[in-house]
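A look at the structure
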Amino acid sequence: MTYVIVKNRKTIIGKPLASYKAALNEANRLFGDDVMDWMKLNLRVEEARP
């Protein structure tokens, strides 16, 4: 199972990562850890779909 960082409706940021924790850390590195910023960008970590 791999995870991706998704911005807006379906813009995938970067490459799939091996774990949720790795994807979350990468999202924090790229966008910071402010919840309000994430909400404005509609940023989330999702399981990668085939």
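One structure accompanies this document, and this report is about it. (Residues numbered from 1 in each chain as written. Predicted model: local features only at pLDDT ≥ 70, side-chain atom pairs only at ≥ 80, totals over all residues. Heavy atoms only, no water.)

As a further point, take the layout of surface pockets. Computed from the structure, the largest pocket encloses a volume of approximately 160 Å³. Every residue lining the largest pocket is listed: V4, V6, R9, K10, I12, R44, E46, E47, A48 and R49. Going through the elements one at a time, β1 (3–7) and β3 (44–47) are the ones with two or more residues in the lining of the largest pocket. Take the lining of the largest pocket: its biggest share by element is 3 residues, from β3. Of the residues contributing to the lining of the largest pocket, the split by class is 4 nonpolar, no polar and 6 charged. (1 Å grid on protein atoms, 1.4 Å probe; cavity = no way out; pocket = protein on both sides within 12 Å on 5 of 7 lines; lining within 4 Å. Points joined across faces, edges and corners; volume = space filled by probe spheres on them. Helix = DSSP H or I, 4+ residues; strand = E, 2+ residues; numbered from the N terminus. Nonpolar A, V, L, I, M, F, W, Y, C, P; charged D, E, K, R; others polar.)

Turning our eyes to something else, we now look at the pattern of salt bridges. Going through the model one piece at a time under the given rule, you end up with 3 salt bridges. Among the salt bridges present, the one from R29 reaches E26, with a minimum N-O distance of 2.8 Å. One end of the pair is R29 and the other is E26, both in helix α1 (residues 20–31) and 3 residues apart, which spans about a single turn. R44 is paired through a salt bridge with E46; the nearest N and O atoms lie 2.7 Å apart. By relative accessible area, R44 is classed as partly exposed at 23%. Through salt bridges that share partners, R44, E46 and R49 make up one connected network. (Salt bridge = Lys/Arg side-chain N within 4 Å of Asp/Glu carboxyl O. Buried < 20%, exposed > 50% of the residue type's maximum accessible area, 1.4 Å probe, protein only.)

To continue, consider the packing of aromatic side chains. All chains considered together, the criterion is met by 1 aromatic pair. Note on Y3 and Y20: the rings are 5.8 Å apart at their centroids and 85° apart in plane angle, and the pair reads as edge-to-face. Residue Y3 is found in strand β1, and its partner Y20 is found in helix α1; the two are separated by 17 residues along the sequence. Residue classification places Y20 among the partly exposed positions, given a relative accessible area of 40%. (Phe/Tyr/Trp six-rings, centres within 6.5 Å; stacked < 30°, edge-to-face > 60°.)

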